[in-house]
Amino acid sequence: MISQALFFLSHFHLYLAPLIETLGGWVYLALFALVFMETGLVVFAFLPGESLIFFTSTLAALTGSTLDIRILLPVFFFAALIGDTVNYEIGRNLHRLPLFRRLIPEEKLEKTQRFFEKHGGKTVIFGRFIPLIRTFIPLISGSAKMDYKRFSIYNLLGVLLWVTFGSSLGYFFGQISYVQEHFSLIFIALAALTAVPGLFVLLYRFMKNGTTAGY
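Caption draft 1: Examining the overall build of the protein more closely. In terms of regular secondary structure, the protein is built from eleven helices and zero strands. In the protein, the proportion of contacts linking residues at least 24 apart, taken out of those at least 6 apart, comes to 80%. When the accessible surface of the protein is totalled, it reaches about 13,000 Å², and 72% of it is carbon and sulfur.

Below is the structure:
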């Protein structure tokens with residue numbers, strides 16, 4: 001059983017090709033939905049956005065692949081852009097919920113608003129490259145009442161950089177013979193690496209809360 005699981009993990013790309021071929025054009029809709037959910041709905045923050053973009057872009061570079069990088073790029077771009085916009089709108093309307101007003105003190109909200117007035121642009125752009133965190137940035141931007149036009153400009157730039165970098169890097173890797181021969185293992189290693197920043201953030205918050213509780 002364990003040997004079979006290890007074989008699947010180290011050769012799972014062999015199972016994906018028939019699946020992608022069976023889905024045909026619907027695979028792009030599925031990818032759009034996954035990226036949209038990861039960026040637009042906080043309950044799906046665990047979805048692997050970067051890994052998905054890198055992985056499918058790498059697949060598009062493999063010989064015989066039915067995926068087209070020229071279609072993947074706009075699919076990922078608009079999925080992330082629309083997802084962030086929806087997330088921002090959700091955040092902007094959170095103040096209407098009595099639960100939100102009880103959980104978030106007015107002074108804390110005002111402090112967040114001041115932060116986004118000063119550092120909102122950098123936060124929106126660079127926060128997109130941090131797993132887990134990027135899903136919450138648009139939500140917080142909206143709840144902090146960050147100017148919509150300002151948010152849209154920085155978000156457009158952040159999404160453009162994120163998708164272009166991830167897709168270009170994946171497509172470039174897919175053309176390397178060593179990557180093609182060890183695709184599954186490299187993908188698993190990269191997926192683990194992309195999760196590290198988010199884990200560090202969670203660990204920091206846990207330690208910080210533990211220290212605060214101690215006092």
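Caption draft 2: Just the packing of helix 4 (residues 49-61) against helix 9 (residues 148-174), in detail. Interaxial distance between helix 4 and helix 9 falls to 7 Å at its minimum, and their mutual angle equals 40 degrees. With respect to their mutual orientation, helix 4 and helix 9 come out oblique. Where helix 4 crosses over helix 9, the two elements pack in a sense that is right-handed. Note on element contacts: helix 9 touches helix 4 through Trp162, Val163, Gly166, Ser167, Leu169, Gly170, Tyr171, Phe173 and Gly174, opposite Gly49, Glu50, Ile53, Phe54, Ser57, Thr58, Ala60 and Ala61.

Caption draft 3: Geometry of unusual backbone geometry. In this structure, Lys145 takes a positive phi of about 60 degrees despite not being glycine. Its place among the elements puts Lys145 in the loop between helix 8 (133-143) and helix 9. On the basis of relative accessibility, which here comes to 48%, the residue Lys145 falls in the partly exposed class.

Caption draft 4: Structural view of the nonpolar core. In this structure, Val35, Leu67, Leu72 and Phe76 are the most contacted members of the largest nonpolar core, which totals 23 residues. Only helix 3 (26-40), helix 4, helix 5 (69-92) and helix 9 provide two or more residues apiece to this core. By residue number, the principal contributor to this core is helix 5, which donates eight residues. Contacts of Leu72, omitting those with residues within four sequence positions, involve Tyr28, Leu31, Thr56, Ser57, Ala60 and Leu67.

Caption draft 5: Fine view of helix 8. The element helix 8 is largely enclosed, with a buried count of eight among its eleven residues. Turning to helix 8, its buried residues number three or more, namely Arg134, Thr135, Ile137, Pro138, Leu139, Ser141, Gly142 and Ser143. A positive backbone phi angle near 60 degrees is found at Lys145, which sits one or two residues after helix 8.

Caption draft 6: Representation of the pattern of salt bridges. Within the structure shown, the criterion is met by five salt bridges. Residue Glu38 pairs with Arg134 through a salt bridge whose shortest N-O separation is 2.8 Å. Here Glu38, found in helix 3, pairs with Arg134, found in helix 8; they are 96 residues apart in sequence, far enough to count as distant. Arg134 matches Glu38 in its accessibility class, with the two residues each being buried. Residue Arg92 is joined to Glu89 by a salt bridge in which the shortest nitrogen-to-oxygen separation is 2.9 Å. With Arg92 and Glu89 both in helix 5 and three residues apart, the pair spans about one turn of that helix. A cluster of three or more residues bridged by salt bridges with shared partners is formed by Glu38, Glu50 and Arg134.

Caption draft 7: Spatial organisation of the environment of Phe77. Its place among the elements puts Phe77 in helix 5. In the structure, Phe77 is positioned 85 residues away from Trp162 in sequence and 8.6 Å away in space, judged by C-alpha atoms.

Caption draft 8: Representation of the side chain of Thr135. Along the polypeptide, Thr135 turns up in helix 8. Of the polar contacts made by the side chain of Thr135, one reaches the backbone oxygen of Glu38; its length is 2.7 Å. The contact partners of Thr135, leaving out residues within four places of it in the chain, are Glu38, Thr39, Leu41, Val42, Ala45 and Asn87.

Caption draft 9: Quick peek at the packing of aromatic side chains. Summed over the entire model, instances satisfying the criterion amount to three aromatic pairs. Plain terms: the ring middles of Tyr88 and Tyr148 are 5.5 Å apart, the flat faces sit at 50 degrees to each other, and that makes the pair tilted. Remark: Tyr148 occurs in helix 9 and Tyr88 occurs in helix 5; sequence separation between them is 60 residues. For the pair Tyr88 and Phe151, a centre-to-centre distance of 4.6 Å together with 20 degrees between the ring planes defines the contact as stacked. With Tyr88 in helix 5 and Phe151 in helix 9, this pair connects stretches of sequence that are 63 residues apart. Overall, Tyr88 belongs to the buried group, its relative accessible area being 1%. Put simply, the rings of Tyr88, Tyr148 and Phe151 touch in pairs and so form one group of aromatic residues. Just above the ring of Trp162 sits the side chain of Arg128; from NZ or CZ to the centre is 4.5 Å.

Thresholds applied
- Residues numbered from 1 in each chain as written.
- Predicted model: local features only at pLDDT ≥ 70, side-chain atom pairs only at ≥ 80, totals over all residues.
- Heavy atoms only, no water.
- Helix = DSSP H or I, 4+ residues; strand = E, 2+ residues; numbered from the N terminus.
- Contact = heavy atoms within 4.5 Å.
- Areas by Shrake-Rupley, 256 points an atom, 1.4 Å probe, with all protein chains shown as cover.
- Axes fitted to C-alpha atoms, helices over the stretch in contact; angles between N-to-C directions.
- Parallel < 35°, antiparallel > 145°, perpendicular 65-115°, else oblique.
- Left-handed = near helix turned anticlockwise from the far one by under 90°.
- Buried < 20%, exposed > 50% of the residue type's maximum accessible area, 1.4 Å probe, protein only.
- Core = buried A, V, L, I, M, F, W, Y, C linked by side-chain atoms within 4.5 Å.
- Salt bridge = Lys/Arg side-chain N within 4 Å of Asp/Glu carboxyl O.
- Polar contact = N/O pair within 3.5 Å; in protein donor to acceptor, adjacent residues only side chain to side chain.
- Phe/Tyr/Trp six-rings, centres within 6.5 Å; stacked < 30°, edge-to-face > 60°.
- Lys NZ or Arg CZ within 6 Å of the ring centre and 35° of its normal.

Taken by themselves, the reported measurements are silent on function.
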